[in-house]
2 protein chains.
Amino acid sequence: MNFPKRKQKIIEQLNQRGEVDIKQLATELDISEITIRRDLNQLAVDGLLYRTHGGATKVNPLERPHSFVNKSAQNAGVKDAICRLAAAQINDGDIIFMDCGSTVFRLCQFIKNKKIKVITNSLPVIYELQDCAVSVNIIGGELDKERQAVHGTTAIEHINKYRAIKAFLGIDGISEAGLFANSEHEASITSSFAANSAYTYILCDATKIGKETYLNFAGLNLISAIITNGDEDSLLFLKRNGVTVLSTKR
Amino acid sequence: MNFPKRKQKIIEQLNQRGEVDIKQLATELDISEITIRRDLNQLAVDGLLYRTHGGATKVNPLERPHSFVNKSAQNAGVKDAICRLAAAQINDGDIIFMDCGSTVFRLCQFIKNKKIKVITNSLPVIYELQDCAVSVNIIGGELDKERQAVHGTTAIEHINKYRAIKAFLGIDGISEAGLFANSEHEASITSSFAANSAYTYILCDATKIGKETYLNFAGLNLISAIITNGDEDSLLFLKRNGVTVLSTKR
DNA sequence: TTGATAATGATTATTTTTGAACGAATTAAA
DNA sequence: TTTAATTCGTTCAAAAATAATCATTATCAA
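Residues numbered from 1 in each chain as written. Chains lettered and ligands numbered in written order. Predicted model: local features only at pLDDT ≥ 70, side-chain atom pairs only at ≥ 80, totals over all residues. Heavy atoms only, no water.

Here we take up helix 1 (residues 3–17) of chain B. For an α-helix the count is 3.6 residues per turn, leaving residues at separations of three or four pointing the same way. With 15 residues, helix 1 of chain B extends 21 Å from end C-alpha to end C-alpha; this agrees with the ideal 21 Å at 1.5 Å per step. Two residues or fewer after helix 1 of chain B comes B:Gly18, characterised by a positive phi angle close to 85°. (Helix = DSSP H or I, 4+ residues; strand = E, 2+ residues; numbered from the N terminus. Expected span 1.5 Å × (residues − 1).)

Written out as C-alpha cells, the structure reads:
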C-alpha cells in the first residue's frame, strides 16, 4: 500500500463521508496512524483537504459543472442531421467560425477530414478537433466554466481581428423579431462572429423556431441562412425576410 | 522474454489491477527485480505509467474524456516536489501566468483550491483547471497541436494586454549565458510572459541546469527566481547573477 | 570464430518509507 | 480553572526500495 494508493483511498472516503478519521483510516488501510497523519498533512499542503484534529474534512464541495457531452447528446439524431447539412456547405480551404452551442459542437465529427481553418471559442470543439487535420484558432479571453467557452471583451476584440467565409452559430430562440440569447455574453460573441463572416448560418432544432427568450440582440438581417429540422410553415417568416432556409425535412 | 514482451505484460497487468508490484512482476515474468525496475523507469519516461516506490500506477486513474500526451509522467516525483515549492509562492488573490511546459502543468494539482486567476496558453492546464475554483483566462491564437498550446503573434499581443504578479515558466536549458528554448515560438511566449509579470519563476529539474540548447533567447536578468531540485554547486552561477534560488534539496 | 554492443544480473551504498517512542500541544471534561 | 485524554510533531531506528557500479550473458555482424 503505497502513497498514491492511499491518497486515492483517502480522497475517496472523503468524498463519500465528507470527513475522515485517522484511527478509522489506520485500521481500514491497515497502516500505522503516524503514516496516515503524514499523508493527511501532505494532502493538506497540496490543498486537497482541510486538516482537523484527528482527521480531515473536504475542502470545497464543488460539484462538477454540467456535462457538455450529455447536453449535446440530447436530440442527437436531429442535431446530426442538421450538422450533416451544415457540413455539406463547407469546402476545403474555408475559414469558418464555430460558436459554443451544443448543436454546433456536433458539427465537429463531420468536418474532421476537411482541409479548413476553424476559429472558435468553444473548449469542447477545440478538444474534439485536436487529433485531426483541421487547423484550429482559439479565441482568447476569460473562460466561462459553465458554458465551457471563452467570452468577454478580449474575446470580442480577438474575433474582430479575423475574417471568415462562414460562421456556424447556435441560438436560444428565433422569431420575426430576430435572434434571442439567454445571456449578454453569448449575444455579443454571436454578433461578432456574424459581423466578421461573409455568410452566417444558424444551426438550430425546431424547438427554437418562433421562441422569444430573454435578450433580442439582433434582427434577422444579421444572418444569411438557417439550417434546421423545422417544417415549412413555421419557417415561412424567415424566407419572407430574405433568410435562406435549409431544412432536413424536405 | 524481451523488453517489448515484458512491456506488453506490464501494461496489461496495469490495466487490470490499476497498479503493479515489482516483486510480483519479477516472479510472474521470471525475471530479476532490477530489470523490472529498469522497465518501469523506461515506461515512466515514455509517459505510460507513474512510477511509485515498489511498483507503478496508471497514468490517469480518473477517467478523462480527452487525454493529453503525458510527458509529465517523467520524473513525476521530482516535478511534484518542485511544484509544491512553487505553489507555496502563490497567495489567494494572485494573478499568475502559466506556460505550456510539462513541469508547469503539474503545478495545477497544487493550486486547485486557491482563489486565483490563471492566464495560460496551455490546453492541458486549461483542461485540468476546469472543475475547480480557479478563474481561467485563455491566451488566444493559433493552436499548436504538437505542443497542445497556443502560439503566434496574436497570442503575443494577447499576453501583452495583461499584467500578472507572477509567471511560472518552463525552459529547455539555463546557463550563465541565460535561457534556452527549443523553438522560436516557445521563446517568444516565454519572453512575453516574463515581460508582463512582476516576478518570474522558472520551474525546471536538474537536467536543465547548465544545459545550452538551440536558442539563447534571453539573459538571466529576465527572471526573478528559479525553483529546482539541482544541488548547491550547480546553482551558484544563478545566485551570482542575482537570481533567487529555491531548491527542493536543502 | 571473434569482437563489439546491448541486455541482464549481482553487489553494495544510498535514499525513501514506515513505524515506535516520547515530550509538547490541543481539546474535552471535571 | 484545572485535570485528563487525545492528538501532534520530532527524533530515531529498521526495513524496503533504489541507484550506481561492475560482472556476466546474449546477440549480432564481420
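All names here are of chain A. On the basis of which strands lie adjacent, the open sheet formed by three strands has the order 10-11-13 and antiparallel pairing. Single-partner strands in this sheet number two, and they are strand 10 (173–175) and strand 13 (215–218). Shown here is a sheet whose adjacent strand axes are inclined to one another by a mean of 35°, direction ignored. Relative to strand 11 (residues 178–181), strand 10 runs antiparallel, the two being bridged by three bridges. Its bridge partner being in strand 11, Gly173 is matched across the sheet by Phe180. (Pairing = 2+ DSSP bridges. Axes fitted to C-alpha atoms, helices over the stretch in contact; angles between N-to-C directions.)

The next point concerns the pairing of strand 7 (residues 141–144) of chain A. Where strand 7 of chain A lies against strand 6 (residues 135–138) of chain B, two bridges are found, and the strand directions are antiparallel. Of the residues in strand 6 of chain B, the one forming a bridge with A:Gly141 is B:Ile138. Bridge count between strand 7 of chain A and strand 8 (residues 149–151) of chain A: three bridges; the pairing is antiparallel. Each residue of the ladder has a partner; that of A:Leu143, found in strand 8 of chain A, is A:Val150. Between the antiparallel neighbours strand 7 of chain A and strand 8 of chain A lie four residues, among them A:Gln148 with a positive phi of about 50°.

Right, let's get into the packing of helix 1 of chain B against helix 3 (residues 33–45) of chain B. Residue and element names in this part refer to chain B. Close contact between helix 1 and helix 3 brings their axes to 11 Å; oriented N to C, the two are set at 75°. Relative to helix 3, helix 1 is oriented roughly perpendicular. Contact residues: Phe3, Arg6, Lys7 and Ile10 in helix 1; Thr35, Asp39, Leu40, Gln42 and Leu43 in helix 3. Classifying every residue of the contact of helix 1 with helix 3 by side-chain character gives four nonpolar, two polar and three charged. (Parallel < 35°, antiparallel > 145°, perpendicular 65-115°, else oblique. Contact = heavy atoms within 4.5 Å. Nonpolar A, V, L, I, M, F, W, Y, C, P; charged D, E, K, R; others polar.)

All right, on to the protein's contact with DNA strand C then. Taken together, 16 residues lie around DNA strand C, and A:Ser32, A:Thr35, A:Arg38, B:Thr35 and B:Arg38 are the ones closest in. A distance of 2.7 Å separates a phosphate oxygen of DNA strand C from a polar side-chain atom of B:Arg6. Listing elements by their share of the surface near DNA strand C, those giving two or more residues are helix 3 (33–45) of chain A together with helix 3 of chain B. Considering only residue class, the surface near DNA strand C consists of six nonpolar, six polar and four charged. (Near = heavy atom within 4 Å. Polar contact = N/O pair within 3.5 Å; in protein donor to acceptor, adjacent residues only side chain to side chain.)

We now examine the protein's contact with DNA strand D. For DNA strand D, the set of nearby residues contains 18 residues, the closest of which are A:Lys23, A:Arg51, A:Gly54, B:Arg51 and B:Gly54. In DNA strand D, atoms within 4 Å of the protein come from the sugar-phosphate backbone in 76% of cases. At a separation of 2.6 Å, a phosphate oxygen of DNA strand D approaches a polar side-chain atom of B:Arg51. Those elements that place two or more of their residues in the surface near DNA strand D are helix 2 (22–28), helix 3 and strand 2 (50–52) of chain A together with helix 2 (22–28), helix 3 and strand 2 (49–52) of chain B.

Turning next to the sheet that holds strand 11 (residues 178–181) of chain B. All names here are of chain B. Across the sheet, which stays open at both edges, the three strands sit in the order 10-11-13 with antiparallel pairing between neighbours. Of all strands in the sheet, those with a lone pairing partner are strand 10 (173–175) and strand 13 (215–218), marking the two edges. Neighbour-to-neighbour, the strand axes of this sheet turn through a mean angle of 35°, independent of strand direction. Packed on one face of the sheet, helix 8 (residues 184–195) meets strand 11 and strand 13 and runs near 15° to strand 13.

The next subject is the interface of chain B and chain A. Facing 35 residues of chain B, the contacting portion of chain A comprises 38 residues. Around 3,100 Å² of area is buried between chain B and chain A when both sides are counted, 50% of it from carbon and sulfur atoms. Three residues, B:Asn113, B:Gln130 and B:Lys145, lead the burial of chain B against chain A; their summed loss comes to 20% of the area buried on that side. Here chain B is connected to chain A by four salt bridges. Salt-bridge contacts for A:Asp46 lead to B:Arg84; the nearest nitrogen and oxygen are separated by 2.8 Å. Here chain B and chain A share 18 residue pairs in polar contact (both at pLDDT 80 or more) between them. Every element with two or more residues in the side of chain B that touches chain A is listed here: helix 6 (123–128), strand 6, strand 7 (141–144) and helix 7 (153–161) of chain B. Per-element accounting of the side of chain B that touches chain A gives the leading share, four residues, to helix 7 of chain B. (Buried area = accessible area lost by both parts, 1.4 Å probe. Salt bridge = Lys/Arg side-chain N within 4 Å of Asp/Glu carboxyl O.)

Residues and elements named next belong to chain A. One pass over the full model with this rule turns up three cavities of 30 Å³ or more. The volume enclosed by the largest cavity comes to roughly 40 Å³. In terms of lining residues, the largest cavity is bounded by Cys100, Asn121, Asp144, Arg147, Ala149, Val150, His151, His185, Glu186 and Ile189. When residues of the lining of the largest cavity are traced back to their parent elements, those giving at least two are strand 8 and helix 9 (184–195). Its residues placed into classes, the lining of the largest cavity shows four nonpolar, three polar and three charged. (1 Å grid on protein atoms, 1.4 Å probe; cavity = no way out; pocket = protein on both sides within 12 Å on 5 of 7 lines; lining within 4 Å. Points joined across faces, edges and corners; volume = space filled by probe spheres on them.)

Note that side chains of opposite charge can pair when their charged atoms are close. Residues and elements named next belong to chain B. If you walk through the whole model with that rule in mind, you get 21 salt bridges over all chains. One salt bridge connects Glu128 with Lys112, and the closest N-O pair in it is separated by 3.5 Å. Separated by 16 residues along the polypeptide, Glu128 in helix 6 and Lys112 in the loop between helix 5 (102–105) and strand 5 (117–120) bring together distant segments of the chain. In this structure, the salt-bridge partner of Glu176 is Arg240, at a minimum N-O distance of 3.3 Å. Of this pair, Glu176 sits in the loop between strand 10 and strand 11 while Arg240 sits in helix 9 (residues 232–240), and the two are 64 residues apart along the sequence. By relative accessible area, Glu176 is classed as partly exposed at 46%. (Buried < 20%, exposed > 50% of the residue type's maximum accessible area, 1.4 Å probe, protein only.)

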